[in-house]
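Spelled out from the first residue to the last, the chains are:
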Amino acid sequence: MIFDSIFIQTYSSNLGKPNILSISMFFLFVCITLYITWWAARKTKTTSEFYAAGRNITGFQNGLALAGDYMSAASFLGIAGMVALKGYDGLIYSIGFLVGWPLIMFLVAEPLRNLGKYTFADVVAFRLKQKPVRIASSVGSLMTITFYLIAQMVGAGGLIKTLFGLPYTLAVILVGIVMTCYVLFGGMLATTWVQIIKAILLLGGATIIVGLTVSQFHFNPFELFNSAASKYGESVLQPGSYISNAWDALSLGIALMLGTAGLPHILMRFYTVPDAKAARKSVFVATGLIGYFYILTFIIGFGAMVLVGKEVIGDPASGVGDKGGNMAALLLAEATGGSGFMGFIAAVAFATILAVVAGLTLSGASSLSHDLYVNVIRNGESSEAGEVKVAKQATLGLGILSIILGLIFKGQNVAFMVGLAFSIAASANFPSLFLSIVWKKFTTKGAVASIATGASLSVLLIILSPTIWIDIFGNEQAIFPLKNPALISLPASFLVGIIVSLMSEEKSAQEKFEKEKARTYLGVGSE
Amino acid sequence: MPDNQSDQAINSPEFKVLEKNRRQMSFLFTFLILTIYFGFILLIAFNKEVLKGHTGIFAAAGIIIGSWILTGIYIWWANSRYDQQKQAILKKYFQ
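All values derive from a computational prediction rather than experimental measurement.

Contacts between chain B and chain A engage 50 residues on the former and 49 residues on the latter. Among the residues chain B hides against chain A, the three largest losses belong to Y37(B), I57(B) and I64(B). Together they make up 15% of the total. The interface formed by chain B and chain A includes four salt bridges. Ionic pairing is found between D83(B) and R280(A), a salt bridge with its closest N-O pair at 3.0 Å. The interface formed by chain B and chain A includes 11 residue pairs in polar contact (both at pLDDT 80 or more). Of all elements in the fold, only α1 (3-11), α2 (13-47) and α3 (55-93) of chain B reach the threshold of two or more residues within the side of chain B that touches chain A. Top contributing element to the side of chain B that touches chain A by residue count: α3(B), with 20 residues. Class assignment for the residues of the side of chain B that touches chain A results in 31 nonpolar, 10 polar and nine charged.

Next up, the structure:
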């Protein structure tokens with residue numbers, strides 16, 4: 001083991017050198033998407049257009065957009081890296097991100113589309129008292145979005161710095177400005193098309209990497225896997241230390257699976273299609289694409305393991321490695337398709353970040369304008385133009401905030417923030433949404449209590465967990481042993497929601513539950 | 001939308017059947033996906049030797065593809081049976 005570090009040579013790669021081809025491709029992407037934004041801007045005047053693209057998106061298009069919204073650069077690079085360094089464990093991790101989608105279909109998608117208008121808070125607050133529930137839902141929503149956004153912005157800065165050699169600060173500002181333009185001028189319509197283009201590029205690019213890789217193994221992935229096993233041992237094909245602790249694994253599984261069903265920017269997309277039937281198709285298409293994506297990342301990870309090598313990918317001494325193996329996919333692209341191809345994939349990764357942060361920003365802006373401004377501050381009364389104006393102001397504000405946050409958190413290890421975002425989504429957003437849809441006796445106090453419990457427990461327990469208590473604060477032992485709080489915060493949120501509801505009977509909510517059935521089940525009267 | 005149309009529809013026997021079917025299907029499929037996923041996780045946590053050789057990869061691929069198919073089956077049911085019943089109710093009570 002010692003000899004490995006002494007004799008490691010820097011790996012010869014063009015990674016990190018400003019690459020004209022790559023920068024041009026990225027520039028092309030930005031130009032095309034800004035053009036689309038300008039086209040969309042002319043069609044984005046009303047609230048229904050700004051928030052929901054006029055409900056004119058088809059099921060198939062939305063499926064692509066959902067997949068685009070969900071597949072982040074972090075998951076592409078991070079999971080490929082995890083598979084490259086740890087083998088099978090990376091696949092176990094990816095499955096967690098997929099299985100939330102069937103759940104969305106079975107429990108959430110249709111009632112959400114039928115009952116709501118623009119945000120998921122519409123559904124939670126449907127038959128309850130608007131103000132307290134809107135405020136609580138928005139807080140849960142904004143917390144999820146903020147943590148997710150910080151992780152993405154910091155990731156973007158670091159990635160661009162690594163790929164193009166641009167300074168971190170410039171990278172963050174650039175991402176912030178471009179994505180704000182998409183949302184500010186083009187609303188949901190522009191954002192949707194950016195997601196669609198990005199999804200096609202990402203899936204297409206990854207498919208090409210896989211094609212090139214398996215072509216070196218007679219187009220037989222198993223030959224690739226066996227090659228990895230002979231190089232690094234059988235253990236790479238087996239579950240390793242990832243699931244060492246059943247509780248940890250369960251907790252993360254809960255966060256990923258149920259968190260997916262509580263992500264505001266994902267849920268918001270269901271309002272862009274005309275009806276529940278199109279919503280179903282969206283989930284089907286999205287699930288298929290995302291599943292395909294994780295199969296690709298798995299093969300890419302192994303390809304990188306064999307054709308580039310763990311020593312290069314996982315060791316900073318090689319010049320291109322890091323602890324997470326985040327450059328694995330790019331290095332494999334270079335190894336199989338040359339520097340030009342790597343440049344293309346780098347541009348795609350950058351585009352991916354832009355698309356995801358745009359989606360998050362739109363979702364945050366809708367929460368601020370539709371939930372808080374219109375329904376809380378203005379008591380549900382605001383003109384179309386007024387609401388759109390506030391939504392745009394919120395967008396601008398969030399864009400600026402995201403840049404500031406990206407700069408503040410420079411260099412910090414923010415990977416845990418994605419886990420935290422999912423945990424809050426699972427513990428604060430999902431329980432209240434679910435209970436509101438299926439349980440007659442759910443009350444306003446119950447909803448608020450559930451969201452408050454889920455959100456605060458998530459944050460508290462993560463602070464007390466090894467990720468922060470030991471790694472960041474430097475303590476010996478963590479007060480809360482699990483890396484992810486969901487195992488505790490989710491059940492607690494449900495329990496509190498149920499108990500408080502039972503203690504605070506709300507007849508009007510119960511009556512509305514019955515009356516709204518025509519809308520929930522038949523779509524009668526839906527927006 | 002006149003209230004009595006909705007009320008009539010909701011209280012009709014056809015609607016009760018629709019509602020019951022939907023709940024049962026939702027919870028059944030939810031139970032299936034939870035079992036598959038958490039079963040897999042717990043299997044690995046407690047008995048990973050079962051996944052020797054390439055079994056693990058097949059299992060994982062199976063879960064990914066299976067999840068998608070499960071979603072597809074639910075949607076097929078929803079698009080045929082459920083929508084049929086729904087259209088019948090809409091036609092009868094919302095004319």
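Here the focus is helix α16 (residues 328-377) of chain A. Residues and elements named next belong to chain A. Look at α16: only 49 Å from first C-alpha to last across 50 residues, short of the 74 Å you get at 1.5 Å a residue. Of all the bends in α16, the largest measures some 140° and sits at G337. Backbone geometry just downstream of α16 places N379 in the positive-phi region, at approximately 55°.

The subject of this paragraph is the packing of aromatic side chains. All names here are of chain A. For the structure on display, the rule yields 31 aromatic pairs over all chains. Judged by centre distance (3.8 Å) and plane angle (15°), the ring pair of F26 and F350 falls under stacked. Remark: F350 occurs in helix α16 and F26 occurs in helix α2 (residues 20-41); sequence separation between them is 324 residues. Of the residues examined, F26 reaches a relative accessible area of 10% and is grouped as buried.

Right, let's talk about the packing of helix α5 (residues 73-86) of chain A against helix α6 (residues 88-98) of chain A for a bit. Residue and element names in this part refer to chain A. Here α5 crosses α6 at 150°, and the two axes come no closer than 6 Å. Between α5 and α6, the crossing angle belongs to the class labelled roughly antiparallel. Residue-level inspection shows I79, M82, V83 and K86 of α5 in contact with α6, the latter providing Y88, D89, G90, L91, Y93, S94 and F97.

Here the focus is the confidence of the model for chain A. Scored by pLDDT, chain A comes out at a mean of 90, with 98% of its residues at no less than 70. At the low end of the mean pLDDT range in chain A sits helix α1 (residues 2-7) of chain A, at 46; at the high end sits helix α21 (residues 486-503) of chain A, at 96.

Among the secondary structure elements, S244(A) is positioned in the loop between α11 (221-232) and α12 (246-260). Each C-alpha atom of the pair S244(A) and L368(A) lies 41 Å from the other, and the pair is 124 residues apart in sequence.

Let's shift gears to the pattern of salt bridges. Per the counting criterion, the structure on display carries 12 salt bridges over all chains. Notably, a salt bridge pairs E514(A) with K517(A), separated by 3.4 Å at the nearest N-O pair. The closest approach of N and O atoms between D7(B) and K515(A), which form a salt bridge, is 3.3 Å. Taken together, the positions of D7(B) in helix α1 and K515(A) in helix α22 (residues 507-515) put the pair across two chains. Note on D7(B): relative accessible area 27%, which makes it partly exposed.

Cut-off values and rules
Residues numbered from 1 in each chain as written. Chains lettered and ligands numbered in written order. Predicted model: local features only at pLDDT ≥ 70, side-chain atom pairs only at ≥ 80, totals over all residues. Heavy atoms only, no water. Contact = heavy atoms within 4.5 Å. Buried area = accessible area lost by both parts, 1.4 Å probe. Salt bridge = Lys/Arg side-chain N within 4 Å of Asp/Glu carboxyl O. Polar contact = N/O pair within 3.5 Å; in protein donor to acceptor, adjacent residues only side chain to side chain. Helix = DSSP H or I, 4+ residues; strand = E, 2+ residues; numbered from the N terminus. Nonpolar A, V, L, I, M, F, W, Y, C, P; charged D, E, K, R; others polar. Expected span 1.5 Å × (residues − 1). Bend = angle between axes of the 7 residues up to and from the residue. Phe/Tyr/Trp six-rings, centres within 6.5 Å; stacked < 30°, edge-to-face > 60°. Buried < 20%, exposed > 50% of the residue type's maximum accessible area, 1.4 Å probe, protein only. Axes fitted to C-alpha atoms, helices over the stretch in contact; angles between N-to-C directions. Parallel < 35°, antiparallel > 145°, perpendicular 65-115°, else oblique. pLDDT = per-residue confidence, 0-100.

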